[in-house]
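Single-letter residue listing:
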Amino acid sequence: MLTGLAANDTNAIETIYRENFATIRSFIIKNNGYPDDAYDIFQEAMIVLFEKAKSGSFNLSCQLQTYLYSICRRLWLKKLQKQNRYNPSIETIEEIVPVEDEMELHEKKDKDFLLMEGALKKIGEPCKSLLEAFYMEKKSMPEIASAFGYTNADNAKTQKYKCLVRLKKLFFAQYKNKE
Amino acid sequence: MDENLLLDAIERYRSGQMDDAEKLFFEELRKNNADIDQAASEHSFFLDQLENLSEQKSFRQNLKGVENKLRSEGVFSENDGEPKSKVVYLWNRYRRTIAVAAAIAGLISFSTATVISKYSENKKAAVITPLVDNKLNQFEHKLNQIEHKLNDATAIPVKPKFEANFRATGFLVDGSGYIITNAHVVQNAKNIIVENKKGDQFSAQPIYSNTVTDLAILKITDTAFKKVNGLPYTFPKTTAELAEPIFTLGYPREEVVYGEGYLSAKSGYYGDTASYQISISVNPGNSGGPVIDKDGEVIGIISSKETNADGVVFAIKSKNIYTALKEIKKDKDITIKLPTVNSLKDLDRVKQIKKLEDFVFKVKGN
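Residues numbered from 1 in each chain as written. Chains lettered and ligands numbered in written order. Predicted model: local features only at pLDDT ≥ 70, side-chain atom pairs only at ≥ 80, totals over all residues.

Draft legend 1. The arrangement of the pairing of strand β9 (residues 275–279) of chain B in detail. All names here are of chain B. Burial analysis of β9 places 4 of its 5 residues in the buried class, the great majority of the element. In this sheet, β9 lies alongside strand β8 (residues 257–265) in antiparallel orientation, the contact comprising 3 bridges. Bridged to Y262 within β9 is S279. Of the strand pairs in this sheet, β9 and strand β12 (residues 313–317) are connected by 4 bridges, and their pairing is antiparallel. Within the sheet, the bridge partner assigned to Y276 lies in β12 and is A315. (Buried ≥ 20, exposed ≤ 12 C-beta atoms within 10 Å, placed from the backbone. Helix = DSSP H or I, 4+ residues; strand = E, 2+ residues; numbered from the N terminus. Pairing = 2+ DSSP bridges.)

Written as structure tokens, this is what we have:
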């Protein structure tokens, strides 16, 4: 199932959702949250799990449910603290496992994610679409050339590199600031 | 262009599009040229980030899709969005708060019930203590009486049989013998005596008593009392400011006692806008004492303190005095003239107190 998750497989996601979401939701609601908070927290926990599964070095030493519960608990605690409605008597009847490393990694990745997203927004069009088409949608150069109206693939390629260099500059400038 | 070629090479290397010979050549190049190696790892890292972004984005989309699908199928809807369960959910969410609130409500209704039966005429007295000293120290009192018998050379008729059962504070608002104090001080009193710092006692009669504002005005009826001039304080009609330093003089003991504090809120008990909350140390007996600011203006009259909180004292705003005087004028056709000249301003505190002492009275009665 984790392999399926790493491959962004919809069926794997759905199974995990069906088997675990109810527990998480009742936990959030018992601890001062709204049902919508539960969806947000669960989604974030799924991203943690996804990153972990993708890294390949992930050996689940406990039940998936326990793992997810532990992550959600940490995420929710953090959110409560941020909103200054920390609830010291947060309920922990369930078994939990330490997830400190995951949280740290997740926070770093989340930061990088936001950095890259921000940089992409800043370079503007057509650079943004061009780069997305090539690096994310994995379209071929001739395809891109015709979609963006370049005379040939080479032209598109040159343009793409120009955009890439600009994006890199933006990204690293901020990245180094954050370090 | 060179740079682009390099980037292209790095990308092809990463995605495994190079043939073995080219790969070998590229690896050699990286080994021998630090700049190229640096650029390659930097670009590699950058591409990782970019790919990460794209993967996470599509994963998020997928997640959202699954979530929406399950939501619309109603898989988790056993208690989602139905009014009945909303209550259950709200109950879960707030049950601690509700429990606490219920406990507090219980306590309040309990204490109000007991106190109201005691002070049925004065709702204000619910959880607050009137600052009248009902437990007069018998010994102190006797001593005082003897003292009076021995050295009272004044013509004031001593009332040796008089046994006071309460003591509070009052102060002159008009030199011809009008003293202001609290309504709760005198409300059940048959006989009232006011006593100045020197120990001269004069009998007095209430001419006005308002249990809502908790203000009462006494008239010294004793013929021995002679009109005094030069009341040193004035009474502002405006509201005093937060944090203003204040002080008071009063009779929590047989002797006059000075206390100082600050204005802590512009409203009193339960948001009562007719009074202030002040922070000052007071005791039974301080009731009716003046609350004076640094310039010698009487901003209020001490009335009560909260029983279960330290240093929470309430004082009636002095503008209520003006209302009281108007009512007296209307009902009894008595004109009371408040002092208009302030002679306390710019004096140091010791001198202010020296000037003030003569105008602050002990109010006793039974």
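Still more to cover.
Draft legend 2. Inspection of the nonpolar core at higher detail. Core analysis: the biggest nonpolar cluster contains 54 residues, and I179, V194, L218, V291 and A315 of chain B have the highest contact counts within it. Beyond its immediate sequence surroundings of up to four residues, L218 of chain B is in contact with G170, I179, T181, V186, I192, V194, A204, Q205 and P206 of chain B. (Core = buried A, V, L, I, M, F, W, Y, C linked by C-beta atoms within 7 Å. Contact = placed C-beta atoms within 7 Å.)

Draft legend 3. Representation of the interface of chain B and chain A within the structure. Taken residue by residue, the interface counts 23 residues in chain B and 29 residues in chain A. Listed by contribution, the elements that provide at least two residues to the side of chain B that touches chain A are α1 (2–14), α3 (34–73) and α4 (83–118) of chain B. If one sorts the elements of the side of chain B that touches chain A by residue count, α3 of chain B sits on top with 15 residues. Residue composition of the side of chain B that touches chain A, grouped by class: 11 nonpolar, 8 polar and 4 charged. (Nonpolar A, V, L, I, M, F, W, Y, C, P; charged D, E, K, R; others polar.)

Draft legend 4. Main features of the packing of helix α3 (residues 35–55) of chain A against helix α5 (residues 100–123) of chain A. Residue and element names in this part refer to chain A. The N-to-C vectors of α3 and α5 enclose an angle of 95°; their axes lie 10 Å apart at closest approach. As judged from the angle between their axes, α3 and α5 are roughly perpendicular. Of the residues in α5, those in contact with V48, E51 and K52 of α3 are E102, H106 and K109. Here the contact of α3 with α5 is composed, by residue class, of 1 nonpolar, 1 polar and 4 charged. (Axes fitted to C-alpha atoms, helices over the stretch in contact; angles between N-to-C directions. Parallel < 35°, antiparallel > 145°, perpendicular 65-115°, else oblique.)

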